[in-house]
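Examining the three-dimensional arrangement
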Amino acid sequence: MSDDGMRLSIQDVSKRYGRDVWGLRDFSLELESGVLGLLGPNGAGKSTLMTIIATITQPTDGHVLWDGNDIAETPDEVRAVLGYLPQDFGVYPNLNAVEFLEYMAAIKGLSARKASKRIETLLDLVNLAPEVRRRPLGGYSGGMRQRVGIAQALLNDPDLLIVDEPTAGLDPQERVRFRNLLSDLAGERIVILSTHIVTDVEAVATDIALIENGRLVRHALPEELLQAVEGKAWEVVVPSDELPALKQRAIVSSTARRSDGVHARVVSDQRPDDGAVSDEATLEDAYLYLIAGNGRA
Amino acid sequence: MRGLRRLRVLVQLVRADFLERTRRYSFLITLGVMVYVGYLAVPSIESKALTVDLGNIRGIYNSAWIGSMIALISSMVLSLPGFYLVKNAIERDRKTGAGQIIATTPLCKPLYTLGKAVSNFIFLTVIIALVAIAAGGMQFVRGESMHLDVWALLTPFLFTTLPTLMLVAAVAVFFESISFLRGGFGNIVYFVLWTAAITISMSGVSFGSQGVIEEPINDLFGASVIAASMHEAAHAAFPEKNLDLGIGYTRVEGEIQTFRWEGVAWSADVLLGRLLWVGIALGIALLSALFFHRFDPARGGRRASERRGLIPQTLASVRALSLPSLDLWPQFSLPLPSLPPLGRVLVAEVRLMLKGLPWWWYIGTLGLIVAGAVEGADPGARRGLLGAAWIWPVLIWSGLGVRERRHHTGPLVFSVPHPLGRQFVGMWVGGLIVTFLTGSGVGLRLVASGAWHHLLGWGVAVLFIPTLALALGVWSGTSKFFEALYVAVWYIGPISGLAIFDYMGLSQEALDQGLPFIYLGLTAALLLAALIGRWRQIRG
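I will try to describe carefully the structure that is included in this document. The shown structure was predicted, so the numbers you read here are calculated from the model rather than taken from an experiment.

Re the overall build of chain A
Of regular secondary structure, chain A possesses 11 helices and 14 strands. Relative to the compact-globule value of 19 Å for 297 residues, chain A shows a C-alpha radius of gyration of 21 Å, a close match. Viewed in the frame of its principal axes, chain A has a C-alpha envelope of about 70 × 45 × 40 Å. Partitioning the intrachain contacts of chain A with sequence separation of at least 6 by distance along the chain shows that 68% fall at a separation of at least 24.

Here is the structure:
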């Protein structure tokens, strides 16, 4: 299990693709135990950051230090304590779940006895039924394969767990189960959870990093982000034909059509309409305000 | 209107495929190789080498001779790698998911398969067009005739090479449309067909007392048309000579005499003979539509996992012969044995290689081992048995170094500790074990009979084959490269007896030349290359 001094330090990391396309730009972050929710729109650089920390990609500039050691120089130190669930990964279709996890355990260097116990525990944890475990992975649904992916990431009881869009393909019940699992894991290790589903982060993250265009927009506690939009969330009812105009002048996070018009949830510094009613701000409001709106000004 | 719309669809299909292919390195490499082949096809005037030999007689290097020689050799040479280059048009649509979108459009199946065949053909035609231009250049490089006759230079390409390539293009679509020919098994079947076509075509150009007998249906490559015309001209110039035709790079003894040949008189009969192949090609392209299942995941003779592109093509091809598989690894449904870490990785890797193979593969392996142990002392039997034993696992070897890309497990496998020292080594040694086991019957017999020199060749082959597969797999990212190259070398070397390629050390000539030591050195270089390639992959 991890030391108390466990620390991940991301220092001015940049990643350039080709001549002038930047996946990450001067990205810095200091992490200790807890769950970091990495939030950002598609193409923001989340997966690039993840693959750099997972030692799969080399940064163009900057350093990532694990307990003070540069992971580019000594990658095996962090690999030994790393659990990684990529956004897009494959499995060997002729192996069953147990065999695949045994294979992964072997190449991760786990002893036979430890691996055997761990695999059974993890397959229970991800709720993969015993009769399914012996079926070739090639016949699994996307959600079942994702659960095997989650299990392989936890095989070595990692100190650093990186999960990229982990709930993609999971049904609502499994999604809640996975969120609870991440919550249980928190506190003992550093967990980096990348997603664009704000509700996933809301449920488990101890702190949140907002990323856009490869740059860190904000790193804060969830309550600090909520404070940033306090008094800025509104509910307003407008006729259908006025909705486009409302979207032009304010951030509309959701709409619902009712008999009296369209009920729109708006994030705005000013009251968007005379009839607008102030509402309690959510993390989604904060995300939209800081990423899509003018909150950075 | 409808016809125009169909034509537009066809053009768009062809355009997308063409752009995708010509932006790959493999296009440039093939182009470079083909131009080099064209260069080799016209040996310098001072050299004692010939590529079309009529018994120390050749034609003057004019447009007709150079064009015909290079067109004929291109027909034969490009039809092998050309097939492997273009046999991915439907597969790409399947893998990218574009196929399912295409399937929802009004595009009909015959138009799709025809479009893919035309697309394949245009791609190959571009390569040949550039080779033809290079051929014109070669005429001036050799400088024996400075008169450029464009018609005489280009017509052999037009009338002999292009019909052959049209057939190659259509056959590639046909193979892609049939599930069990889609992968590595199909690649091997094509090689066998290609070898047979070459043999039949060449048997048609051997001279009898009446000269060359043209049999268009036997002459896929158009060799007899050109050979007959050359024979006629040569016979007129040297009526006293006994003309004996040979095609291929050969060094000759004595003086080389020349004669003037102005090319084939392209009569209607000859052109009809060549058009016959174009017609056959179009027929095959349209016939493919019968087997093409329009990306329907519920059809195609594949299991659900394969339909999602998850099963290795090669194993899927073997399994698609509709025989039940037998899981010979039930013991490994239990935890892997308690071994040191590297031992556990090794067992896991071997299991990964052998999992999912059909039962008859194991029976065949056992048969080859037993037969090798019983009959392996006899040189003739040894050639056949070891040859069979070491082509049998070709689809297992071709997965080495490719699996992580094929199944997209790289992010998982490359982020573990010591990926080179553990997983890479395990994979390589696993490949050695499979090679050792499949060839063990002959190996045992060699030990028993004390044939130590042959045992050395055998041992080097155990190291060489999986290392070659691993290096090519890591660097090319595809199993096709190894499958095509290995089968070709296997056929030319150990089976046909060309000593330089006899990596198994089956012939005494190979042993006398010390080839096992050369292949051992080559193995070391390939292992280093594989290691560097994998290191680059891990470093992203």
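Examining the overall build of chain B
Check the secondary structure of chain B and you find 25 helices and 4 strands. Across the 540 residues in chain B, those meeting the buried criterion constitute 55%. As displayed, chain B offers around 22600 Å² of accessible surface, 69% of which is attributable to carbon and sulfur atoms.

Looking at the layout of surface pockets
All names here are of chain B. Within this model, the second largest pocket holds a volume of roughly 450 Å³. What lines the second largest pocket is a set of 14 residues, among which V37, I73, V77, G248 and Y249 lie closest to the centre. Going through the elements one at a time, α2 (25-40), α3 (63-78), α9 (184-203) and β3 (246-251) are the ones with two or more residues in the lining of the second largest pocket. Considering every element that reaches the lining of the second largest pocket, the biggest residue donor is α2, with 4 residues. Of the residues that constitute the lining of the second largest pocket, the class distribution is 12 nonpolar, 2 polar and no charged.

Looking at the nonpolar core
Among soluble globular proteins, nonpolar side chains are generally buried collectively. Core analysis: the biggest nonpolar cluster contains 141 residues, and W390, W397, Y486 and Y503 of chain B have the highest contact counts within it. Among the elements that line this core, the one with the most residues is helix α8 (residues 150-177) of chain B, at 16 residues. Leaving out residues up to four positions away in the same chain, W390 of chain B has contacts with W397, T435, T438, G439, W458, A461, V462, I465, Y486, W490 and M504 of chain B. Within the second largest apolar cluster, 70 residues are counted, among which are A97, A106, L155 and L170 of chain A.

Some words on α9 of chain B
Given 3.6 residues to a turn, an α-helix orients residues that are three or four positions apart in the same direction. Taking 1.5 Å of rise per residue, the 20 residues of α9 of chain B would be expected to cover 28 Å, and the 29 Å separating its terminal C-alpha atoms lies within 8% of that figure. If you check which residues of α9 of chain B are buried, you get G184, G186, N187, I188, Y190, F191, W194, T195, A197, I198 and S201 of chain B.

What to know about the packing of α8 of chain B against helix α11 (residues 268-291) of chain B
Residues and elements named next belong to chain B. Two numbers describe how α8 lies on α11: the axes approach to 8 Å, and their chain directions differ by 15 degrees. Regarding the angle of α8 to α11, the classification is roughly parallel. Pair α8 / α11 crosses with left-handed handedness. Contact with α8, carried on its side by F159, T160, P163, T164, M166, L167, A170, V171, V173, F174 and S177, involves L271, R274, W277, V278, I280, A281, L282, I284, A285, L287, S288 and F291 of α11 and no other residues of that element. Here the residues of the contact of α8 with α11 sort into 18 nonpolar, 4 polar and 1 charged.

A short note on the sheet that holds strand β6 (residues 82-85) of chain A
Picture the strands of a sheet paired through backbone hydrogen bonds; they go either parallel or antiparallel. Residue and element names in this part refer to chain A. One open sheet holds the 6 strands; their spatial order is β6-β7-β8-β3-β9-β10, and the pairing between them is mixed. Of all the strands in the sheet, the pair left with one neighbour each is β6 and β10 (215-220). Taken over all neighbouring pairs, the strand axes of this sheet differ in orientation by 15 degrees on average, direction set aside. Judged from the 6 bridges that link them, strand β3 (residues 34-39) and strand β8 (residues 190-195) form a sheet pairing that is parallel. When the sheet's bridge partners are listed, G37 is paired in β8 with L193.

Digging into the packing of aromatic side chains
Counted according to the given criterion, the structure contains 27 aromatic pairs over all chains. Put simply, the rings of W397, F464, F482, Y486, Y503 and Y519 of chain B touch in pairs and so form one group of aromatic residues. For the cation-ring pair, R25 of chain A lies above W22 of chain A, with the distance from its terminal atom to the ring centre recorded as 4.0 Å. It is R403 of chain B that lies over the ring of Y92 of chain A; its NZ or CZ is 5.6 Å from the centre.

Description of the pairing of strand β2 (residues 21-31) of chain A
Residues and elements named next belong to chain A. Judged from the 7 bridges that link them, strand β1 (residues 8-17) and β2 form a sheet pairing that is antiparallel. Bridged to R16 within β2 is W22. The hairpin turn running from β1 into β2, its antiparallel successor, is 3 residues long, and G18 in that turn takes a positive phi close to 65 degrees.

Let's talk about a nonpolar patch on the surface
Residue and element names in this part refer to chain B. A surface patch of nonpolar side chains, about 470 Å² in accessible area, is lined by Y491, I492, I495, L498, I500 and F501. Relative to the helices and strands, L498 is located in the loop between α23 (479-495) and α24 (508-512). Look at L498 and you get partly exposed, because its relative accessible area is 42%.

Let's talk about the pattern of salt bridges
Enumeration over the complete set of coordinates arrives at 21 salt bridges over all chains. Here D279 of chain A ties to R265 of chain A by a salt bridge, and the two come within 2.7 Å at their closest N and O atoms. You can see D279 of chain A sitting in the loop between β14 (277-278) and α11 (283-292) and its partner R265 of chain A sitting in strand β13 (residues 261-267), a full 14 residues away along the chain. For D279 of chain A, a relative accessible area of 31% gives the class partly exposed. Judged by relative accessible area, which is 14%, R265 of chain A ranks as buried. Note that R534 of chain B and E404 of chain B form a salt bridge whose closest N and O atoms lie 2.9 Å from each other.

Rules of the game
- Throughout, a residue's number is its position along its own chain's written sequence, starting from 1.
- Ligands are numbered from 1 and chains lettered from A, in the order in which they are written.
- Local features are withheld for residues below a pLDDT of 70 in this predicted model, meaning they are given only at 70 or higher, and side-chain atom pairs are given and counted only at 80 or more; totals for whole chains, interfaces and linings count all residues.
- The side-chain quantities take in all heavy atoms of the structure and omit both hydrogens and water.
- Numbering of helices and strands runs from the N terminus; a helix is a DSSP stretch of H or I covering at least four residues, while a strand is a stretch of E covering at least two.
- Here the radius of gyration uses the C-alpha set of atoms, whereas the globule reference equals 2.2 Å times the residue count to the power 0.38.
- Residues are treated as being in contact if the distance between any of their heavy atoms lies within 4.5 Å.
- Note on classification: 1.4 Å probe, protein chains only; a residue is buried when its accessible area is under 20% of the maximum for its type, exposed when over 50%, partly exposed between these limits.
- Surface accessibility follows the Shrake-Rupley procedure with a 1.4 Å probe radius. Residue values consider only the protein chains on display as shielding.
- In this analysis the probe radius is 1.4 Å and the grid spacing 1 Å, with only protein atoms considered; a cavity is a set of points the probe fits into but cannot get out of, a pocket is an open set with protein on both sides within 12 Å along at least five of seven lines, and lining residues have an atom within 4 Å of a point.
- Grid points are joined across faces, edges and corners, and a volume is the space filled by probe spheres set on the points.
- When residue character is reported, Ala, Val, Leu, Ile, Met, Phe, Trp, Tyr, Cys and Pro are called nonpolar, Asp, Glu, Lys and Arg charged, and the others, Gly included, polar.
- Note on terminology: a nonpolar core comprises buried Ala, Val, Leu, Ile, Met, Phe, Trp, Tyr and Cys residues joined through side-chain atoms within 4.5 Å.
- Any helix carries an expected span of 1.5 Å times its number of residues minus one.
- Here an angle of 0 to 180 degrees is reported between the N-to-C directions of two axes, which are lines fitted to C-alpha atoms, with helices fitted over the stretch in contact.
- For this classification, under 35 degrees means roughly parallel, over 145 means roughly antiparallel, 65 to 115 means roughly perpendicular, and everything else is oblique.
- Here a crossing is taken to be left-handed if its near helix is turned anticlockwise relative to the far helix by less than a right angle, and right-handed if that turn runs clockwise.
- DSSP bridges decide pairing: two strands pair if at least two such bridges lie between them.
- Two rings from Phe, Tyr or Trp (for Trp, the six-membered ring) form a pair when their centres sit within 6.5 Å of each other. Planes less than 30 degrees apart are called stacked, planes more than 60 degrees apart edge-to-face, and all others tilted.
- A ring is scored as having a charge over it whenever the NZ atom of a lysine or the CZ atom of an arginine sits within 6 Å of its centre and within 35 degrees of its normal.
- The patches described consist of residues with a relative accessible area above 30% and no salt bridge, like charges being joined within 9 Å and nonpolar side chains (Val, Leu, Ile, Met, Phe, Trp, Tyr) within 5 Å.
- One side-chain nitrogen of Lys or Arg within 4 Å of one carboxyl oxygen of Asp or Glu is enough to make a salt bridge.

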